[in-house]
Amino acid sequence: MKMTFRWFGENSDVVTLKQIRQIPGMTGLMGFLDYKAAGEVWTEEEIKRYVDGVHAAGLECEVIESVNVHEDIKLGLPTRDDYIENYRITIRNLAKYGVKVIVYNFMPVFDWLRTDLARVIPEDGSNSLYFDERELGEMGPVEIVRRTAEGCNGFSLPGWEPERLAELEATLAQYQGVTPDQLRENYKYFLDGIIPTCEEVGVSMACHPDDPAWPIFGLPRIAHCQDDFDKILALHDSPCNGLCLCTGSLGSNPDNDIPAMIRRYGAMGRIHCLHIRNVKQLGYHHFREAAHLSSAGDLDLFEIVKAMYETCPDVYVRPDHGRMIWDETGRPGYGLYDRALGATYLNGLWEAIDKMARSR
Ligand code: DNO
C-alpha cells in the first residue's frame, strides 16, 4: 500500500504540501491540474512544473487524478477523435514525468454529486458531504449545482462552476435517449483509442465508480456495481484497463459487497488504486459521509484493508473525503485534519494485518 493524498494545487487548495508531508507514512500525491478543462492537452511544461514542486516537497507524484474525459467522447460525437488524440498526448506527457496511474471517470455530465456539502452531524457538530434523493427530486440538476455552488466556501461541484450553468442544460439535453449500452460502446471506442498508448508508455488507467452508485436524473450510468465493472474490464482486455476502487462511492449502495469486489479485481491485477472512506446509511438513497473508523459508518474498513493486503498489496491508496472537524474550513470533503486521521487509521490497520500475517 502506497499512501497518498489528494491535492488540488497551490492556487486551489488551502492544504499545503508541507502539511501533507508531515502526515505519518505519507509517500505521495494523487495530483491534479485543476484548471484544465476536459479535452485539453496537459502540456509537458505544466506537468514538469507541478511534478517538480511535489518532488521538492519530498513527495512522489505517480498518480494523477481527474484527467477528465470530454463529453463528446462519452456521447460518441464525430469530434471525439480529436479529443481522444489529445488524451493520448496527455498520457505520453504524464508518463515522461513518472506518472504511472491516471484516475478518470466515465460518468455523463456530473462527477460525484451531493445534495449538501456541509451537513452538520448532530452527534459531534462536525459536518460532512450528504445525499438525500428526496431532496434531488424537488431540485433538478441545474438547481442543485447552483445551490451547492452558493453554499460552499467558494468551492463548487467538480466541473460545474456557476459560469458553466448554461452549458449544463445543453449537455443534459444531449444525453436524452442515450442508453447504457450506447454509452458502453462509446466507452469501448475511447479505451480502444488510448489503451495501446498506455501499454506503450507504462501507464494504467483507473476508472472511478459512479457516485452515488446508481443512475441520477435519468442519465445513463455504467460504473457502479460488479456487473458493470466486469463489462468495463472486458471492453478492452488489458492490464492497463483497470479500476480506482472507491469504497465510499460504491458503498453508497449497501448491495455492493466491497471487500468481495476488492478481492475479485485485486486478484485479477486490475485495481490500480483505492480511495478509502466510510459511509453512514440513513435510508433509501440517503446517506452521509462518515469518519474512516468502521464503527462510525456502515463499511468494514478492517475487511477492506485486509482484502487489499491479500490481493493487491502494492496499490496506491488515499484516504478519501473527510468531515470538516476542529473548525477547519476549506474545500468540502478535502480538509486536512479528518483525511490525516483517515490515513493514520488505515496505516494502523495495515500494520496490524501485516504483523498478524507475518507472525502466523
Ligand atoms: C471524488 C473523487 C472524484 C474522482 C473523479 C475521477 O472525491 O474521487 O472526483 O477524482 O471521479 O475522475
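Please read these numbers as outputs of a predicted model, since none were measured by experiment.

Draft legend 1. Representation of the site of the ligand within the structure. The environment of the ligand is made up of 12 residues, and the closest members are E65, S66, N105, D111 and H208. Grouping the amino acids of the shell around the ligand by side-chain chemistry returns five nonpolar, five polar and two charged.

Draft legend 2. Just helix α12 (residues 301-311), in detail. Those residues of α12 lying buried are L301, I304, V305, K306, A307 and M308. Against the buried residues of α12 lie α10 (247-251), α11 (258-267), β9 (271-276), β10 (278-283) and α13 (337-359).

Draft legend 3. Just the environment of W112, in detail. Mapped onto the secondary structure, W112 falls in the loop between β4 (101-104) and β5 (116-120). Classification of W112 as buried rests on a count of 21 C-beta atoms within 10 Å.

Draft legend 4. The arrangement of the sheet that holds strand β8 (residues 241-246) in detail. Sheet architecture is closed into a barrel: eight strands sit in the order β1-β2-β3-β4-β7-β8-β9-β12, paired in parallel fashion. Direction aside, the axes of adjacent strands within the sheet are offset by 30° on average. Sheet topology places β8 next to β9; four bridges connect them, and they run parallel. The residue of β9 that forms the bridge with C246 is H275.

Draft legend 5. Here's a closer look at the pairing of strand β7 (residues 204-207). What you see with β7 is no split at all: S204 and A206 on one side and M205 and C207 on the other are buried throughout. Across four bridges, β4 lies against β7 in parallel orientation. Counted as the bridge partner of V103 is A206 from β7. Strand direction decides the pairing type here: β7 and β8, joined by three bridges, are parallel.

Draft legend 6. Highlighting the pairing of strand β12 (residues 316-319). Judged by which residues are buried, β12 turns out to be covered on both faces: Y316 and R318 on one side and V317 and P319 on the other are all buried. Summarising the sheet, strand β1 (residues 2-6) and β12 pair through two bridges and their orientation is parallel. By the bridge assignment for β12, K2 is matched with Y316. Note: β9 against β12, four bridges, orientation parallel. Bridging across to β12, C273 finds its partner in Y316.

Draft legend 7. View of the sheet that holds β10. Pairing is antiparallel across the open sheet formed by four strands, whose spatial order is β5-β6-β11-β10. Taken across any chain shown, the strands that pair with only one partner, and hence form the sheet edges, are β5 and β10. Each strand of the sheet is rotated relative to its neighbour by a mean of 35°, with strand direction disregarded. As defined by bridge partners, strand β6 (residues 127-132) adjoins strand β11 (residues 286-290) across three bridges and the pair is classed as antiparallel. When the sheet's bridge partners are listed, D132 is paired in β11 with H286.

Draft legend 8. Region of the structure containing the environment of I276. Along the polypeptide, I276 turns up in strand β9. I276 sits 30 residues away from C246 along the chain, and the two C-alpha atoms are 6.1 Å apart. With residues near it in sequence (within four places) discarded, I276 still touches T247, I304, V317, P319, D320 and L346.

Draft legend 9. Expanded view of unusual backbone geometry. A cis amide bond, omega 0°, links D211 with the succeeding residue P212. Inspection of the secondary structure assignment puts P212 in the loop between β7 and α9 (226-235). Of note in this structure, F217 is not a glycine but carries a positive phi near 50°. Looking at the secondary structure, you find F217 in the loop between β7 and α9. Given 16 C-beta atoms within a 10 Å radius, F217 is considered partly exposed. For W326, which is not a glycine, the phi torsion comes out positive at approximately 55°. By the secondary structure assignment, W326 is in the loop between β12 and α13.

Draft legend 10. Representation of α11. Taken as a whole, α11 has its buried residues at I258, P259, M261, I262, Y265 and G266. The arc enclosing the buried residues of α11, seen along the axis, measures out at 155°, which places them on a common side. Looking at the packing, one finds that the buried side of α11 touches α9, β8, α10, β9 and α12.

Draft legend 11. How the structure looks around the packing of α11 against α12. In contact at an axis separation of 9 Å, α11 and α12 are set at 10° when each is read in the N-to-C sense. Here α11 is positioned roughly parallel relative to α12, judged by the angle of their axes. Where α11 approaches α12, its residues I258, P259, I262, R263, G266 and A267 are matched on the opposing element by E303, I304, A307, M308 and T311.

Cut-off values and rules
Residues numbered from 1 in each chain as written. Predicted model: local features only at pLDDT ≥ 70, side-chain atom pairs only at ≥ 80, totals over all residues. Near = placed C-beta within 6 Å. Nonpolar A, V, L, I, M, F, W, Y, C, P; charged D, E, K, R; others polar. Buried ≥ 20, exposed ≤ 12 C-beta atoms within 10 Å, placed from the backbone. Helix = DSSP H or I, 4+ residues; strand = E, 2+ residues; numbered from the N terminus. Contact = placed C-beta atoms within 7 Å. Pairing = 2+ DSSP bridges. Axes fitted to C-alpha atoms, helices over the stretch in contact; angles between N-to-C directions. Arc of directions from axis to C-beta. Parallel < 35°, antiparallel > 145°, perpendicular 65-115°, else oblique.

Spatial relationships are all this shows, so hold off on functional conclusions.
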